[in-house]
Amino acid sequence: MSQFNFKILHKSSASRARVAQIHTPHGIIDTPGFVAVGTNATLKAVDSTMVENIGLQLMFCNTYHLMLQPGSQIIKKAGGLHSFIKRSGPIITDSGGFQVFSLAYGSVNDELKSSGKKKQDGSVIKITEEGVHFRSYRNGDLVILTPESSVQAQKDLGADIIIPLDELPPYHIDPRKLEASLHRTHRWEERSLNTHLTNRNNQAMYAVIHGGLDPALRSKSCQVLTKLDFDGFAVGGSLGKTREQMFEMLALTMPQLPEDKPNHLLGIGDLLSLEACIKSGVDTFDSSHPTRCARHGLVFTKRGNLKILNSSNRENFRPIEDGCTCLTCKNYTVAYLHHLFKSHEMTGYTLASIHNLHFMVQLMADYRRRIMEGEL
């Protein structure tokens, strides 16, 4: 019997927001919930023990990077990701496709700056019905990522939640090519699912809804993929160049997903997007935004973001936020962090990251409280 199940605890009467629990073999995920990104099986500057002490219930690891280094077979020999990185809590892995296509096309920001004309690194050689042929960014070796090999790699990694192979087309794409890409993604996802179902391995698989900003294609993707035996649904692909475009896309897409299964918004977790996404019914979010901000000396507070490197913080002998219970705020002052950043000491990155991650955990708990009390 599968140890994966989903239980809705409360639905808002004012929006599509809801409080729920995702039960996995490695523990419960409370939703709405923030998912920290550990690209190479670690959050930058923070180890697994500290991540769990902070209370982050779900961690996102990237199959593409782990396939190339150290290799999924090595991690399998180590007993899977949980054993390899000494994590007891749930883990989600992606298919590897996002990184492959990001290297090929660049980010949406890259595309917008160049109007889609800038050539990228040429790592992707070709995309066929079989899969995507690319060269490793580490040593130039030819790699063929197929729906079947992506699933097998994720079986080796042993994550609680896994993702089928999908194609991530660029933001600037001809509508006909976008539709062709969508159909190929659906075929790849069904092949991924069929491979997964031959050996569930006590893992859950989320489908990825695509279609860019085309309402008809988003609806088509929902119609096709919700008919298949997926355990949950992720919203991926191009989400738009503005938050407003993303919110409009979610308003269309979320009502077309099954209410009795969990959902996930891929790659979004900035503070300005969260509340609207939660109101649309999103359960979990993954983003490297909090840790990236921390490494640049930007820490989160209830009063707004604080820039550690500002000269005014040289003699700021208070914690980042009064009343914060994270290790950083209980033990260190802003002046000390200012010194560490000015001195380029790695400890500064760690202490700032701990605070921002703790802030996200507490923020999501507050969102759940507000939903339960009818405020959201």
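What you are looking at is a predicted structure, and each value in this text was computed from that prediction instead of being measured.

Reading the values: the criteria
- Residues numbered from 1 in each chain as written.
- Predicted model: local features only at pLDDT ≥ 70, side-chain atom pairs only at ≥ 80, totals over all residues.
- Heavy atoms only, no water.
- Helix = DSSP H or I, 4+ residues; strand = E, 2+ residues; numbered from the N terminus.
- Rg over C-alpha atoms; globule rule 2.2 N^0.38 Å.
- Contact = heavy atoms within 4.5 Å.
- Core = buried A, V, L, I, M, F, W, Y, C linked by side-chain atoms within 4.5 Å.
- Buried < 20%, exposed > 50% of the residue type's maximum accessible area, 1.4 Å probe, protein only.
- Phe/Tyr/Trp six-rings, centres within 6.5 Å; stacked < 30°, edge-to-face > 60°.
- Expected span 1.5 Å × (residues − 1).
- Salt bridge = Lys/Arg side-chain N within 4 Å of Asp/Glu carboxyl O.
- Pairing = 2+ DSSP bridges.
- Disulfide = S-S within 2.5 Å.
- Axes fitted to C-alpha atoms, helices over the stretch in contact; angles between N-to-C directions.
- Parallel < 35°, antiparallel > 145°, perpendicular 65-115°, else oblique.
- Left-handed = near helix turned anticlockwise from the far one by under 90°.

Which residues make up the overall build of the protein, and what values go with them?
A count of helices and strands for the protein gives 15 helices and 16 strands. In summary, the protein has a C-alpha radius of gyration of 21 Å against a globular reference of 21 Å for 376 residues, a match within 12%. The principal-axis extent of the C-alpha atoms belonging to the protein is close to 60 × 50 × 45 Å. Taking all contacts inside the protein whose residues are at least 6 apart in sequence as the whole, residues at least 24 apart take part in 65%.

Outline the environment of D260, supporting the account with residue identities and numerical values.
With respect to the element layout, D260 can be found in the loop between α10 (243-253) and β13 (263-265). Here the alpha-carbon distance between D260 and D231, two residues 29 residues apart in the chain, equals 9.7 Å.

Before we move on, can you summarise the nonpolar core with the specific residues and values?
Counting 72 residues, the largest nonpolar core has L56, L81, L250 and L265 as its most contacted members. Among the elements that line this core, the one with the most residues is helix α15 (residues 346-372), at 12 residues. Not counting chain neighbours up to four residues away, the residues in contact with L56 comprise F34, A36, L43, V51, R87, L357 and V361.

Requested: an account of the packing of aromatic side chains, with residues and values cited.
The geometry of an aromatic ring pair is captured by the separation of the ring centres together with the interplanar angle, meaning the angle of the planes. Enumeration over the complete set of coordinates arrives at seven aromatic pairs. Between F4 and Y206, the ring centres sit 6.4 Å apart and the planes meet at 75°, which makes this aromatic pair edge-to-face. With a gap of 202 residues between them, F4 in the segment before β1 (5-11) and Y206 in strand β11 (residues 204-209) connect regions that are remote in the sequence. One exposure class covers both F4 and Y206, and it is buried.

If you had to explain helix α8 (residues 175-197) to someone new, which residues and values would you point to?
Here α8 spans 33 Å end to end across 23 residues, near enough to the 33 Å set by a 1.5 Å rise per residue. Among the residues of α8, L178, S181, L182, R184, T185, H186, W188, E189, S192, L193 and H196 are the ones counted as buried.

Please set out the pattern of salt bridges residue by residue, giving values where relevant.
Two side chains carrying opposite charge are able to pair once their charged atoms lie near each other. Counted under the stated rule, the structure contains 17 salt bridges. Through salt bridges with shared partners, a single network forms among E275, K279, D366, R369, R370, E373 and E375.

Can you lay out the pairing of strand β2 (residues 18-24) for me, pointing to particular residues and giving the numbers?
Here β2 lies mainly inside the structure; six of its seven residues are buried. Of the pairings in the sheet, the one linking β1 to β2 comprises six bridges and is antiparallel in character. Directly across from K7, in β2, lies its bridge partner Q21. Here β1 folds back onto β2, and the loop between the two strands holds six residues. In terms of strand pairing, β2 meets strand β3 (residues 27-31) through five bridges, oriented antiparallel. Residue I22 lies in a different strand from β3, and its bridge partner there is I29.

Break down unusual backbone geometry for me, with residues and values.
With omega at 0°, the peptide bond leading from T31 into P32 counts as cis. Looking at the secondary structure, you find P32 in the loop between β3 and β4 (33-37). Going from Q69 to P70, the amide bond is cis rather than trans, its omega being 5°. Mapping P70 onto the fold places it in the loop between α2 (63-68) and α3 (72-77). A positive phi angle is found at K86, which is not glycine, with a value near 60°.

Break down the pairing of strand β8 (residues 132-135) for me, with residues and values.
Here strand β7 (residues 124-127) runs beside β8; their pairing, made up of three bridges, is antiparallel. Residue pairing across strands places I127 opposite V132, the latter belonging to β8. What sits between the antiparallel neighbours β7 and β8 is a turn of four residues. Relative to strand β9 (residues 142-145), β8 runs antiparallel, the two being bridged by four bridges.

An account of helix α14 (residues 334-342) is requested, with residue identities and associated values reported.
Every buried residue of α14 is listed here: V334, A335, L337, H338, L340 and F341. Against α12 (289-295), β16 (306-307), α13 (327-331) and α15 lie the buried residues of α14. Phi turns positive one or two residues past the end of α14, at H344, with a value near 60°.

Now, about the state of the cysteines: what can you tell me, with residues and values included?
All chains considered together, the criterion is met by zero disulfides. Left without a disulfide partner, C326 is nearest to the cysteine sulfur of C324, which lies 3.5 Å away.

Run through the packing of α14 against α15, naming residues and quoting values.
Contact pair α14 / α15: the axes reach a minimum separation of 7 Å and the direction vectors enclose 135°. Classified by the angle between their axes, α14 and α15 sit oblique to one another. In this structure, the crossing between α14 and α15 has a hand that is left-handed. In contact with Y336, L337, L340 and F341 of α14, α15 contributes T347, G348, Y349, L351 and A352.

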